[in-house]
Amino acid sequence: KVSFEVMLGSADAADKMLKDIGKFAETTPFSFDDIRDGTKKLIAFGVPADQVIDTMQMLGDTAQGDAQKLETIVDVFGKMTAQGKLQGEELNRLTDAGFNPLMQMSKRTGVSMGTLMKQLEGGQISAAMVKDEFIRATSEGGKFHGMMDKQSQTLNGLMSTLQ
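Draft legend 1. Examining the packing of helix α5 (residues 67–83) against helix α9 (residues 127–138) more closely. Two numbers describe how α5 lies on α9: the axes approach to 9 Å, and their chain directions differ by 145°. Relative to α9, the crossing made by α5 is left-handed. Mapping the contact onto sequence places Ile73, Phe77, Met80 and Thr81 in α5 and Ala127, Val130, Lys131 and Phe134 in α9.

Shown next as C-alpha cells:
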C-alpha cells in the first residue's frame, strides 16, 4: 500500500487501486501478487493510473494466463512506453512471450517484415504503434480476445481464483 500511496500521491488513491487490483485478480487466472506487481511496474514506467487496469487486461490477455509471460510482457511494455519506441531486444522478448507486434502490423498493413525491421532499426516503430497492435490483438475478433476469461475457467485459473 505504501508503494502505491507514494506513486499515486494519496492513501485514498492507493486504497482504490488495491481494491481495483483485487477485483481484477478475482476474475483472471493471475494471482493478486502478479497483478499488483505488474501494476506497480506499469505506473513506475509512466502508464497513467487511470489506464493501468485496462492495460493489464490487454497484457494479461496477450500473456494467455501465463504469469511468467505476463511479467515479461509487462516489463517490455513498460520500458517501451518509457522510451517511446520499440527496440530490437524488446521485440525479441515479446516474440519469445508469444506476441510479435511487427507480424501483426505486417498482416494488417501489407508492409513486409523486412521493411518493418528496417523501421525498427531506425527507431521508427513507436510505442503507440505497438500499443495499437496490442489493442487490435485483444479486441473483439483479435487473436487474444477474451483469453483471460477463457483461461480463468481452466483448472489452473480456478485454483488461482480460489487462492
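Draft legend 2. Highlighting the pattern of salt bridges. A full pass over the atoms with the stated rule returns nine salt bridges. Across the pair Asp75 and Arg93 runs a salt bridge whose closest N-O atoms are separated by 2.7 Å. One end of the pair, Asp75, is in helix α5; the other, Arg93, is in helix α6 (residues 88–96), with 18 residues separating them in the sequence. Owing to a relative accessible area of 10%, Asp75 belongs among the buried residues under this scheme. Of the charged contacts in the structure, one is a salt bridge between Arg136 and Glu133, with a shortest N-O distance of 3.3 Å. A residue pair is termed a helical-turn pair when its members lie 3 or 4 positions apart in one helix, as Arg136 and Glu133 do in helix α9 at three residues.

Draft legend 3. Structural detail: α9. For α9, which comprises twelve residues, the first-to-last C-alpha distance of 17 Å matches the rise-based estimate of 16 Å (1.5 Å per residue) to within 8%. Among the residues of α9, Ala127, Val130, Glu133, Phe134, Ala137 and Thr138 are the ones counted as buried. Down the axis of α9, the buried set is contained in an arc of 125°. They therefore lie on one face. The inward-facing, buried residues of α9 contact α4 (52–63), α5, α6 and α7 (101–109).

Draft legend 4. Representation of the packing of aromatic side chains in the model. Under the counting rule described, the total for this entry stands at three aromatic pairs. Between Phe77 and Phe134, the aromatic rings sit 5.6 Å apart at their centres with planes inclined by 85°, giving edge-to-face as the arrangement. Placement of Phe77 in helix α5 and of Phe134 in helix α9 is noted, with a sequence separation of 57 residues between them. Accessibility expressed as a relative area gives 3% for Phe77, which makes it buried. On the basis of an interplanar angle of 65° and a centroid distance of 6.0 Å, the ring pair of Phe99 and Phe144 is categorised as edge-to-face. Note that Phe99 is positioned in the loop between α6 and α7 and Phe144 in the loop between α9 and α10 (147–152), a separation of 45 residues in sequence. Across the pair, Phe144 and Phe99 agree in class, each one buried. Connected via pairs of aromatic rings, a cluster forms that spans Phe77, Phe99, Phe134 and Phe144.

What counts as what
Residues numbered from 1 in each chain as written. Predicted model: local features only at pLDDT ≥ 70, side-chain atom pairs only at ≥ 80, totals over all residues. Heavy atoms only, no water. Axes fitted to C-alpha atoms, helices over the stretch in contact; angles between N-to-C directions. Helix = DSSP H or I, 4+ residues; strand = E, 2+ residues; numbered from the N terminus. Left-handed = near helix turned anticlockwise from the far one by under 90°. Contact = heavy atoms within 4.5 Å. Salt bridge = Lys/Arg side-chain N within 4 Å of Asp/Glu carboxyl O. Buried < 20%, exposed > 50% of the residue type's maximum accessible area, 1.4 Å probe, protein only. Expected span 1.5 Å × (residues − 1). Arc of directions from axis to C-beta. Phe/Tyr/Trp six-rings, centres within 6.5 Å; stacked < 30°, edge-to-face > 60°.

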